[in-house]
Amino acid sequence: MATATYPPPPPFYRLYKDYLQNPKSAPEPPPPIEGTYVCFGGSYTTDDLLPSLEEQGVRQLYPKGPNVDFKKELRSLNRELQLHILELADVLVERPSQYARRVEEISLIFKNLHHLLNSLRPHQARATLIHILELQIQRRKQALEDIKSRREEAQRLLKESLGTLDGQ
């Protein structure tokens, strides 16, 4: 008995059999999911809101509010992290049994750093998108200039060939 190398197509391919003659005969795509949904056993939401540190049960080390100076706060948390890592090294040398509190403090600083960085993600996404669009515009302008120069070269060659034919 012969077996197929590849499995047969899924049965819904028949819904698209008349697509080339009538593209509107294909079924509409399903509507986008809104709200919460379950994927691989985990519950997710379509709302991309960054939960606050308080909602996560973490103490916030930088000022609350919409007017946070991210650069200043990131630098401050970075310096604090460096200090706590040095203190952890000192504690590990002198009093190794008391390292747990220092590790918890370092963990808190890391969580605050990550939260600050994650709150900058929308800005980063906008800046990246702007950069990509500017590159696309630049490439299209370059392609347009290339087409214009080739058109002018082709017109010049046509005029030369017409002049050569008229000269014979």
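Source: prediction; values computed, not measured.

### Section: the overall build of the protein chain
Now for step 1: Across its full length, the protein chain holds three helices and two strands.
Now for step 2: When its helices and strands are written in sequence order, the protein chain yields β-β-α-α-α.
Now for step 3: Radius of gyration (C-alpha) of the protein chain: 32 Å, far over the 15 Å computed for a compact globule of 168 residues.
Now for step 4: Taken along its principal axes, the extent of the C-alpha atoms in the protein chain is 100 × 60 × 45 Å.
Now for step 5: Looking at the protein chain as a whole, 13% of its 168 residues are labelled buried.
Now for step 6: The long-range share in the protein chain, meaning contacts at least 24 apart out of those at least 6 apart in sequence, stands at 49%.
Now for step 7: Roughly 14,900 Å² of accessible area belongs to the protein chain as shown, and the carbon and sulfur atoms make up 58% of that amount.

### Focus on the UniProt feature "coiled-coil region" (unreviewed entry) in the protein chain
Now for step 1: Within the UniProt annotation, "coiled-coil region" (unreviewed entry) is assigned to residues 130-164.
Now for step 2: For residues 130-164, the helix share is 100%, the strand share is 0%, and the end-to-end C-alpha distance is 51 Å.

### Digging into unusual backbone geometry
Now for step 1: The backbone of F40 shows a phi angle near 55°, a positive value even though the residue is not glycine.
Now for step 2: Mapped onto the fold, F40 is located in the loop between strand 1 (36-39) and strand 2 (42-45).

### Observations regarding the nonpolar core
Now for step 1: Of all hydrophobic cores here, the largest spans 13 residues; its most connected members are Y62, L77, L81, I109, L113 and L116.
Now for step 2: Secondary structure elements with two or more residues in this core: helix 1 (70-94) and helix 2 (99-119).
Now for step 3: Ignoring any residue separated from it by four or fewer positions in sequence, one finds Y62 in contact with L53, V68, E73, L77, N112, H115 and L116.

### Some remarks on the packing of helix 1 against helix 2
Now for step 1: The interhelical angle for the contact between helix 1 and helix 2, taken along N-to-C directions, is 160°, at an axis separation of 9 Å. As summarised for this structure, helix 1 and helix 2 are arranged roughly antiparallel, according to the angle between their axes. The interaxial crossing formed by helix 1 with helix 2 has left-handed handedness.
Now for step 2: Within the contact of helix 1 with helix 2, the residues separate by chemical class into 16 nonpolar, four polar and five charged.

### Description of the side chain of R102
Now for step 1: Its location among the elements puts R102 in helix 2.
Now for step 2: For R102, the side chain forms a polar contact with the side chain of E87, separated by 3.0 Å.
Now for step 3: Once you skip the residues sitting within four places of it in the chain, R102 turns out to touch E87, L88 and V91.

Reading the values: rules and limits
- Residues numbered from 1 in each chain as written.
- Predicted model: local features only at pLDDT ≥ 70, side-chain atom pairs only at ≥ 80, totals over all residues.
- Heavy atoms only, no water.
- Helix = DSSP H or I, 4+ residues; strand = E, 2+ residues; numbered from the N terminus.
- Rg over C-alpha atoms; globule rule 2.2 N^0.38 Å.
- Buried < 20%, exposed > 50% of the residue type's maximum accessible area, 1.4 Å probe, protein only.
- Contact = heavy atoms within 4.5 Å.
- Areas by Shrake-Rupley, 256 points an atom, 1.4 Å probe, with all protein chains shown as cover.
- UniProt positions renumbered as here; feature names shortened; annotations may be inferred.
- Core = buried A, V, L, I, M, F, W, Y, C linked by side-chain atoms within 4.5 Å.
- Axes fitted to C-alpha atoms, helices over the stretch in contact; angles between N-to-C directions.
- Parallel < 35°, antiparallel > 145°, perpendicular 65-115°, else oblique.
- Left-handed = near helix turned anticlockwise from the far one by under 90°.
- Nonpolar A, V, L, I, M, F, W, Y, C, P; charged D, E, K, R; others polar.
- Polar contact = N/O pair within 3.5 Å; in protein donor to acceptor, adjacent residues only side chain to side chain.

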